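# Fold and contact review
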Amino acid sequence: MSKEATASTASTVTSARPAPAPDPLPHGLGSSLPSAHAQAKTEGTFPYASDLWAEGLLWAAILRSPHPHARIVSVDTTHARGMPGVRAVVTQEDVPGATEHGRGTTDRPVFASEVVRHHGEPIAAVAADHPDTARMAAAAIIVEYEVLDPVIDPEKAFEAEPLHPDGNLIRHIPLRHGDPEAVGEIVVEGLYRIGRQDPAPIGAEAGLAVPRPDGGVELYVASTDPHTDRDMAAACYGLDTDRVKVVVTGVPGATADREDPGFQLPLGLLALRTGCPVKLTATREESFLGHAHRHPTLLRYRHHADADGRLVKVEAQVLLDAGAYADTSSDALAAAVSFACGPYVVPNAFIEGWAVRTNNPPSGHVRGEGALQVCAAYEAQMDKLAKKLGVDPADVRLRNALATGDILPTGQTVTCPAPVAELLTAVRDFPLPALPKDTPEDEWLLPGGPEGAGEPGAVRRGVGYGLGMVHMLGAEGTDEVATATVKVHDGVATVICAAVETGQGFTTLARQIVQETLGLDEVHVASVDTDQPPAGPGCRGRHTWVSGGAVERAAKMVRTQLLQPLAHKFGMSTELLQIADGKITSYDGVLSTTVSEAMDGKELWATAQCRPHPTEPLDEAGQGDAFVGLAFCAIRAVVDVDIELGSVRVVELAVAQDVGRVLNPAQLAARIEAGVTQGVGAALTENLRTPRGLVRHPDLTGYALPTALDTPDIRIVKLVEERDVVAPFGAKAASAVPVVTSPAAIASAVRAATGRPVTRLPIRPQAAVVTTPVS
């Protein structure tokens, strides 16, 4: 259409208005700035470790033990080495440096050489010119085993022969708080078991190792803690750390320390041995066998309360199955023991906690470790207490709710915001969803779906509650620190920080911080490698707090560099100048210029660190200020249960959470929903079965993850924004506490629907079957 025709057409519209201006792009803290990688990940063009390639590439394969416990009599690699196309075979004898490694405790061999301690433990690794050749060569390695009886029951580990030179007991924490003689008028007891949940990352482990001219090696892997992985690798390779570099590739959905070191370390060894790039892509089975899982846990509880339902004393025993090696079990046990009473005021607490080695698969860091297991148990106890008192389960929780200023069983005073009662009240008062009988056309929503064998008349609805808590950052004296650099040139800012984007949204947050502080739209976050200063692991909300705090401090230093000359020129302090929407203005309007004009072609940069206040280890009585901060969550679960078949459908989960400050509304909602969904899996479907120590069905057909059809309506009914004054931005960790809380809430709702005790997670169908009428 011509300009004249356009003008003529416009003139005939008497009520024409100017076209509305496009909505401004989200900007700064508090906005829903989209991820810079969102489009690439949606289109499938985002580069992950499995996409890597290099000239002259060799392929690796690992031989793993078929037994959970065995003595290795001999390893014969002759046939494998002689196969055409095989370039190297390595065993424990070929490790030039430290032969053991570990994230928490150094107790795990690179390759088993004398004793196999769990199913799937690496024995040898092969590099060949084709992946099929590598796998066939690994299968051609002849290993003679003397099969031993596995220790699979953690209770028997105390009396069993030592499975490791360090013994079977990894840690014992006896927590003593208050009067041991205190008793209550009402006493309830319970025995609870929590299953083995796998982190089940979207992509299985993959990586590429490239030898360097200086005799070092570069590892391209989806690491969530690159500097720790570098140090571990350098020690095993017998190299200085400056000759080993870890480059982080795209991390496909990390809900734990997803990378198996037993996968990374052989990769570099093969590259150093062959002088060629070596790639390894693990199968899903290898991924299940290798990386750490959530600790299976046995819990015994006794709660004492007065006649009004106020807690007098909690006694508990918590036993964590660490599997074959210690990993981060000491940290998980500290969390389990410290939070064994939950977010409740308990004047007297006596908790015994143990973490032990067995011949089961290794356990380690999985989101909410330790806290999830005890939450399921103490919330079951609160339901028992309510039933015995004849009061509403929400009421008995409210009577005991923790608040700021109260004292934890560890003796630490809660100084951060703790709006536990407010959270519980919010979910309790939220309207309940409609009953299926009110919408008969939605029969597919009943347990089992439209083709299920159950009858609608056998379905019972239950409403339950869960209150959970987690700690943020490391604990017990962990030196939490992160370093970040912010550079600005030509109106573009670059953030350099070794905080890995694991899906928690750090790269988006870093962009928002710089936008907020410097008023710039275009902010880039550099890729992560170990040439950058360390930022620590990506867990427990660390990067929001520590790495985000470092980015903020560096950005503020750049801001001062930018504003100082202008402030000096106009005879005012920098505090009287503000930056917004790319403009610098003074409080009185005398000064008004753009950021680009003030930069005048200069490059500004600053590096800063963030280190939260120190903590201390728990003492011999389990006492100490062990935690930097705490986060809380309340969830009300509504479930429908077919009491004849025991099938459970979660109808709705109403969530209220203590978040400190909302930094990115869309991202926060996604993190909460993802955490709740992971909790649904722990409650109903996810349990890596290991009869006699053998991993059964290590694939995504045998291991049942919740799908979109299993995910209930998730209603975020309240976000309490009471800022934690010691945290940068006042924000709290968002994703771990809903994982911790939702399984307990679902189990509570199943108890309400069936009248059954429900003492095991995941909930098995027989636990929800009712043979007598529900009262």
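As a reminder, the structure under discussion sits directly above these lines.
Residues numbered from 1 in each chain as written. Predicted model: local features only at pLDDT ≥ 70, side-chain atom pairs only at ≥ 80, totals over all residues. Heavy atoms only, no water.

Moving on, we get to the pairing of strand 15 (residues 297-305). Counting buried positions along strand 15 gives 7 out of 9 residues, so the element sits mostly inside the fold. Direction of pairing for strand 10 (residues 186-194) relative to strand 15: antiparallel, over a ladder of 9 bridges. Of the residues in strand 15, the one forming a bridge with Tyr192 is Leu299. Here strand 15 pairs with strand 16 (residues 311-321) via 9 bridges, running antiparallel. Bridging across to strand 16, Thr297 finds its partner in Leu320. (Buried < 20%, exposed > 50% of the residue type's maximum accessible area, 1.4 Å probe, protein only. Helix = DSSP H or I, 4+ residues; strand = E, 2+ residues; numbered from the N terminus. Pairing = 2+ DSSP bridges.)

Applying the stated criterion across every chain yields a total of 6 aromatic pairs. Over the ring of Phe46 we find Lys41, and its NZ or CZ is 4.9 Å from the ring centre. (Phe/Tyr/Trp six-rings, centres within 6.5 Å; stacked < 30°, edge-to-face > 60°. Lys NZ or Arg CZ within 6 Å of the ring centre and 35° of its normal.)

So, on to the nonpolar core. Counting 157 residues, the largest nonpolar core has Tyr301, Val486 and Ile746 as its most contacted members. Setting aside its immediate chain neighbours within four residues, Val486 contacts Thr494, Val495, Val514, Leu518, Val551, Ala554, Ala555, Val558, Leu604, Trp605 and Ala606. Counting 30 residues, the second largest nonpolar core, distinct from the first, contains Ala127, Val217, Leu219 and Leu269. (Core = buried A, V, L, I, M, F, W, Y, C linked by side-chain atoms within 4.5 Å. Contact = heavy atoms within 4.5 Å.)

Their axes nearest at 10 Å, the elements helix 5 (residues 226-237) and helix 6 (residues 261-274) cross at an angle of 50°. Considering their axes alone, helix 5 and helix 6 lie oblique with respect to each other. Seen along the crossing, helix 5 lies across helix 6 with a hand that is right-handed. Counted together, Asp229, Met232, Ala233, Cys236 and Tyr237 of helix 5 and Pro261, Gln264, Leu265, Gly268, Leu269 and Leu272 of helix 6 form the full contact between these two elements. Classifying every residue of the contact of helix 5 with helix 6 by side-chain character gives 8 nonpolar, 2 polar and 1 charged. (Axes fitted to C-alpha atoms, helices over the stretch in contact; angles between N-to-C directions. Parallel < 35°, antiparallel > 145°, perpendicular 65-115°, else oblique. Left-handed = near helix turned anticlockwise from the far one by under 90°. Nonpolar A, V, L, I, M, F, W, Y, C, P; charged D, E, K, R; others polar.)

With respect to the helices and strands, the residue Arg751 is situated in helix 16 (residues 736-754). Classification of Arg751 as buried rests on a relative accessible area of 10%. For Arg751, the contacting residues outside a window of four places in its chain are Glu379, Ala380, Asp383, Ala744, Arg756, Pro757 and Val758.

So, on to the packing of helix 9 (residues 371-389) against helix 16. In the contact formed by helix 9 and helix 16, the axes pass within 8 Å of each other and the chain directions differ by 30°. Accordingly, the angle class assigned to the pair helix 9 and helix 16 is roughly parallel. By crossing handedness, the relation of helix 9 to helix 16 is classed as right-handed. Contacts from Ala371, Leu372, Cys375, Ala376, Glu379, Ala380 and Asp383 in helix 9 reach Val739, Val740, Thr741, Pro743, Ala744, Ser748 and Arg751 in helix 16. For the contact of helix 9 with helix 16, a count of residues per class yields 9 nonpolar, 2 polar and 3 charged.

Attention now goes to the environment of Trp354. Relative to the assigned elements, Trp354 resides in strand 17 (residues 348-356). A sequence separation of 73 residues divides Trp354 from Val427, and the C-alpha atoms of the two residues are 34 Å apart. Ignoring anything within four residues of it in the chain, the contact list for Trp354 reads Phe158, Leu169, Arg171, His172, Gln317, Val318, Leu319, Leu320 and Leu333.

With 19 residues, helix 16 extends 29 Å between its outermost C-alpha atoms, agreeing within 8% with the 27 Å of an ideal straight helix rising 1.5 Å per residue. In terms of burial, helix 16 is a largely internal element, 18 of the 19 residues being buried. Where helix 16 ends, the next residue or the one after it, Gly755, has phi of about 75°, a positive value. (Expected span 1.5 Å × (residues − 1).)

Note that all results are geometric; they support no functional claim without further evidence.
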